[in-house]
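Spelled out, the chains give:
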Amino acid sequence: MTLGIVAALHEEIADLLAEMAPGARVESIGMRDYHVGKLHGHDCVIVLARIGKVAAAATTTALIHRFDVDEIVFTGLAGGLAHGLSVGDVVIADTLVQHDMDASPLFPRYEIPLLGCATFGTAPALRDALVQAARDWLTDEMAAQVSSTWRDEWQTGTPRVHVGQIASGDRFVSSAQEVDRLRNALPEALAVEMEGAAVAQVCHEYGIPFAVMRTLSDAADDAAHVDFARFLREVASRYSHGILHRFLTAKAA
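Counting restarts for each chain, with residues numbered from 1 along the sequence as it is written. It should be noted that, the model being predicted, local features are given only for residues of pLDDT at least 70 and side-chain atom pairs only at 80 or more, the latter also being counted only at that level, while totals for whole chains, interfaces and linings use all residues. Neither water nor hydrogens contribute to the side-chain values; these are computed over all heavy atoms in the structure.

### Comments concerning the overall build of the protein
The helix and strand inventory of the protein stands at eight helices and 10 strands. For the radius of gyration, the atom set is restricted to C-alpha positions; the globular benchmark scales as 2.2 Å times the number of residues to the power 0.38. Relative to its length of 253 residues, the protein is compact, with a C-alpha radius of gyration of 17 Å against a globular reference of 18 Å. The C-alpha extent of the protein, read off along each of the three principal axes, is 50 × 45 × 30 Å. Burial classification: accessible surface area is computed with a 1.4 Å probe over protein chains only, and a residue below 20% of its type maximum counts as buried, one above 50% as exposed, and the rest as partly exposed. Residue burial in the protein is summarised as follows: out of 253 residues, 53% are buried. Throughout, a residue-residue contact means that at least one pair of heavy atoms, one from each residue, lies within 4.5 Å. Long-range pairs, those at least 24 residues apart, make up 78% of the contacts in the protein with a sequence separation of at least 6. Only the protein chains shown count as covering a residue, and every accessible area follows the Shrake-Rupley method with a 1.4 Å probe. In the structure as shown, the protein presents an accessible area of about 10,900 Å², 53% of it carried by carbon and sulfur atoms. Note on charges: Lys and Arg go in the positive column, Asp and Glu in the negative column, and His and the chain ends are not counted at all. By convention, the charge on Lys lies at NZ, on Arg at CZ, on Asp at CG and on Glu at CD. Across the protein, the 20 positively charged side chains and the 33 negatively charged ones have centroids separated by 1 Å. Comment: elements are numbered from the N terminus, with helices defined as DSSP H or I runs of at least four residues and strands as E runs of at least two.

### Some details on helix H2 (residues 53–65)
Every helix has an expected span of 1.5 Å times one less than the residues it contains. Relative to the 18 Å expected for 13 residues at 1.5 Å per residue, H2 spans 18 Å between its end C-alpha atoms, a close match to the ideal helical length. Taken together, the buried positions of H2 are occupied by Lys53, Ala55, Ala56, Thr59, Thr60, Ala62, Leu63 and Ile64. Looking at the buried side of H2, the elements it contacts are strand S1 (2–7), strand S3 (32–39), strand S4 (42–48), strand S5 (71–80), strand S6 (90–98) and helix H7 (196–206).

### Focus on the pairing of S4
Burial runs high along S4: five of the seven residues are buried. Only when DSSP finds a minimum of two bridges between them are two strands counted as paired. As judged from the six bridges shared by S1 and S4, these two strands associate in the parallel manner. The residue of S4 that forms the bridge with Gly4 is Val45. Inspection of the sheet shows S3 paired to S4 by six bridges, in the antiparallel sense. Within the sheet, the bridge partner assigned to Leu39 lies in S4 and is His42. Connecting the antiparallel pair S3 and S4 is a turn made up of two residues, with His40 showing a positive phi of about 50°.

Here's what the structure looks like:
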């Protein structure tokens, strides 16, 4: 079994790449470096997809065709949509939807033309394993690996794990008006980002199990300013590494 691990930003996989480095090889395809090797006893291919749905889809297709991966996990950041979420919470997708897909009136809004569906479900076994790994890491290790400064700035107590819908689109959502629009249009969506639903569509078409995990860098009901670059470097990178380490260790047990 070979696992593909994908992210949109380098910091989200940097620690994983460092762990894999001894003995790993790198193959360059389509302006992307695919790092092939073993991670905690598992055959893995780790790759930086870059930002956006096209980048994510192209990368996912190469993982399937060139590297014959059996399953894929996408890790990274997202913005919160649902009320009650906090910076530092983790959202793990059960379904994904492209919030900017609109081929109406030929097809219903959000439906992918000629596929007959608007949402794509993640693989239950992968999803549940990620949920458990995230809960275990947040409970046992997060406080030691993420600075108390950030935990004080969040002012939200202990970060939580949520399971639900994630919306993806080729647009960075940064205004309250856009958040309100998405909430009204997609009331089930917990978080918004720019890649996951594209990965989901490709995996659906090729029959590859997949999961998507996102750390919230901002929350729709949180007025506090978050330094995105610092959050990515000091918090999100440690979430991705820590949770996927727990995930892979549990799979090997």
